[in-house]
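Residue-level listing of the chains:
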2 protein chains.
Amino acid sequence: MQLDRIDKSAFADMERFYRAHLINSLSGFKSVNLLGTVSEEGITNLAVISSVFHLGADPALMGFIMRPVTVTRDSYNNILSNGSYTLNHLNEAIYKQGHQTSARYPEEASEFDEVGLTPYYSSKLKAPYVLESQVKMGLQFLEKKEIELNGTILMIGQIEEIFVPSACISEDGYLDIEKAGSMTVSGLDAYHLTQKRSRLSYAKPDRPLKEI
Amino acid sequence: MQLDRIDKSAFADMERFYRAHLINSLSGFKSVNLLGTVSEEGITNLAVISSVFHLGADPALMGFIMRPVTVTRDSYNNILSNGSYTLNHLNEAIYKQGHQTSARYPEEASEFDEVGLTPYYSSKLKAPYVLESQVKMGLQFLEKKEIELNGTILMIGQIEEIFVPSACISEDGYLDIEKAGSMTVSGLDAYHLTQKRSRLSYAKPDRPLKEI
């Protein structure tokens, strides 16, 4: 494939949405989760996010990026007020509803009702899970770090419990999220299923890799 | 699919690698990039990382997570010493070589030579690109933030230039990274191709989504 060079100076001249689409595509494929929270008044909120990333296994920490809170962000306020949130993988049956949660609904509306997804509660957390999701995590908020460079906020939480299909857990602990139906997103709005090529053995110098 | 609940308390009892596989699978599909750097002495380094994420489009910022620097991390030292690094998407032709860069080679060895990938240099950056990659970014290091909770480090850089197949850029700026052959990773070692289901229109309340 013929590659073309695009310099930083060209980014500045791009139309705002063109630039957003292009730059958002560059990091590679992204996780796509529904962030479930609830307000002090009991209003549930659901927001699709593509910035969740693994931070550590012991303790089990996840991070995600909150956009600048220059406008009201219900999810952000809910997390700060009661400390709990859920992350729920999108799958093919619900990805359109998931995407629709990014519409700007009024604060008093619940995205669960608006898009037609079902809240599910465990005894451990206040925040609602998405019943239709096949891989769900419940988290306790631990810390936020502001990125002064652009006003975004790194949100860090610890996993309190998970709901996963045990039929998808391999002998070595690997959870086959492809088998669980999880999707991935590229750019701002492209949703993909996946096709596993292989798992590769732990790499060591001078030892050939094996497919496992 | 039958879901099973696993509590945080069970994580502590898991064998260390079992836990690492499970927790690393939970965030969802991840980007997979080769991080290219060079030392003051001119020794090139290449490391596969699955934690690159989008931080902002204007300015164009990318983040990634560096594991604790309790052992020597050549990439980390190289970035701090000369400020430049590259991120190069893995594709099917090179994913095994990419995975092999995670082996612990001696500091004086170059992973390019060890795994058989070709360094490519632009006039703008010191750090080497991976010739065989179809989506490449060159970055200037801007800032690091230590995550005290577990000693990992958030590394933030600004995109200086990109090399992408212009045949994969849509009219609205979206870069079709599936068409470019980019892969995604789940857990620690599972590599996947993707199959696009659809792109969805910008969501607004009371307006049905369209596939675009």
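Refer to the structure above for everything that follows.
The structure reproduced in this document is the subject of the present report. Computed from a predicted structure; not experimentally measured.

It is worth spelling out the interface of chain B and chain A at this point. Taken together, the contact between chain B and chain A spans 109 residues of the former and 109 residues of the latter. Together, the buried faces of chain B and chain A total about 9500 Å²; carbon and sulfur atoms form 61% of this surface. On the surface where chain B and chain A come into contact, there are 16 salt bridges. Close ionic contact of B:Lys145 with A:Glu148 constitutes a salt bridge, the shortest N to O distance being 3.0 Å.

Right, let's get into empty space enclosed by the protein. Space left empty within the atom packing is revealed by a probe, the size of a water molecule, rolled over the atoms. As enumerated under the stated definition, the model contains two cavities of 30 Å³ or more in all. Approximately 110 Å³ is the volume attributed to the largest cavity. Together, 16 residues line the largest cavity, and A:Lys30, A:Ser31, A:Val52, B:Val52 and B:Phe53 are the ones closest to its centre. Breaking the lining of the largest cavity down by element, the ones donating at least two residues are strand S2 (30-31) of chain A together with strand S2 (30-31) of chain B. When grouped by side-chain class, the residues that make up the lining of the largest cavity number six nonpolar, eight polar and two charged. When its volume is computed, the second largest cavity comes out at roughly 30 Å³. Taken together, A:Ser27, A:Gly28, A:Phe29, B:Ser31, B:Val32, B:Asn33, B:His89, B:Leu90, B:Ile177, B:Ser182 and B:Met183 form the lining of the second largest cavity.

Below, the discussion takes up the pattern of salt bridges. Inspection of every chain in the model, using the stated rule, returns 24 salt bridges over all chains. As a salt-bridge pair, A:Asp7 and B:Lys124 come within 2.6 Å of each other at their nearest N and O atoms. With A:Asp7 in strand S1 (residues 3-7) and B:Lys124 in the loop between strand S8 (119-120) and strand S9 (129-130), this residue pair bridges two chains. Classification of A:Asp7 by relative accessible area gives buried; the value is 15%. Accessibility expressed as a relative area gives 35% for B:Lys124, which makes it partly exposed.

As summarised here, the arrangement of the six strands in space is S2(A)-S12(A)-S13(A)-S13(B)-S12(B)-S2(B), forming an open sheet in which the pairing is antiparallel. Every other strand in the sheet has two partners, leaving S2 of chain A together with S2 of chain B as the edge strands with one partner each.

Let's shift gears to unusual backbone geometry. All names here are of chain A. Residues Asp58 and Pro59 are joined by a peptide bond in cis, for which omega reads 5°. On the secondary structure map, Pro59 appears in the loop between strand S5 (53-57) and strand S6 (60-66). Even without glycine at this site, Asp206 takes up a positive phi of about 65°. Relative to the helices and strands, Asp206 is located in the segment after strand S13 (190-199). For Asp206, a relative accessible area of 77% puts it in the exposed group.

The next subject is the packing of aromatic side chains. Under the definition given, this model contains 11 aromatic pairs over all chains. Residues A:Phe53 and B:Phe53 carry aromatic rings whose centres are separated by 4.2 Å and whose planes lie at 10° to one another, so their mutual orientation is stacked. Within this pair, whereas A:Phe53 is found in strand S5, its partner B:Phe53 is found in strand S5 (residues 53-57), the two belonging to separate chains. Taken as a pair, A:Phe53 and B:Phe53 share a single burial class, namely buried. The ring of B:Tyr120 has B:Lys136 sitting right over it, with the charged end atom 5.7 Å from the ring centre.

Attention now goes to helix H3 (residues 74-82) of chain B. Turn by turn, an α-helix covers 3.6 residues, leaving residues three or four places apart pointing in a common direction. Among the residues making up H3(B), those that are buried are B:Asp74, B:Ser75, B:Tyr76, B:Asn78, B:Ile79 and B:Asn82. Elements in contact with the buried residues of H3(B): strand S3 (33-38), strand S4 (44-49), strand S6 (60-66), strand S7 (84-89), strand S10 (136-147) and strand S11 (152-165) of chain B.

Here we take up the relation of the copies chain B and chain A. Laying chain B over chain A is done by rotating through 180° and shifting 0.0 Å along the axis; what remains is an RMSD of 0.0 Å. In the structure described here, the two chain copies are related by an operation that fits a two-fold rotation axis. Judged by C-alpha distance, B:Thr194 is the residue of chain B that lies nearest the rotation axis, at 2.1 Å. In this assembly the copies share their binding face: 100% of the residues contributing to the interface of chain B also contribute to that of chain A.

How each quantity is defined
- Residues numbered from 1 in each chain as written.
- Chains lettered and ligands numbered in written order.
- Predicted model: local features only at pLDDT ≥ 70, side-chain atom pairs only at ≥ 80, totals over all residues.
- Heavy atoms only, no water.
- Contact = heavy atoms within 4.5 Å.
- Buried area = accessible area lost by both parts, 1.4 Å probe.
- Salt bridge = Lys/Arg side-chain N within 4 Å of Asp/Glu carboxyl O.
- 1 Å grid on protein atoms, 1.4 Å probe; cavity = no way out; pocket = protein on both sides within 12 Å on 5 of 7 lines; lining within 4 Å.
- Points joined across faces, edges and corners; volume = space filled by probe spheres on them.
- Helix = DSSP H or I, 4+ residues; strand = E, 2+ residues; numbered from the N terminus.
- Nonpolar A, V, L, I, M, F, W, Y, C, P; charged D, E, K, R; others polar.
- Buried < 20%, exposed > 50% of the residue type's maximum accessible area, 1.4 Å probe, protein only.
- Pairing = 2+ DSSP bridges.
- Phe/Tyr/Trp six-rings, centres within 6.5 Å; stacked < 30°, edge-to-face > 60°.
- Lys NZ or Arg CZ within 6 Å of the ring centre and 35° of its normal.
- Least-squares fit on C-alpha atoms with pLDDT ≥ 70 in both.

Worth remembering: the numbers are spatial, not functional.
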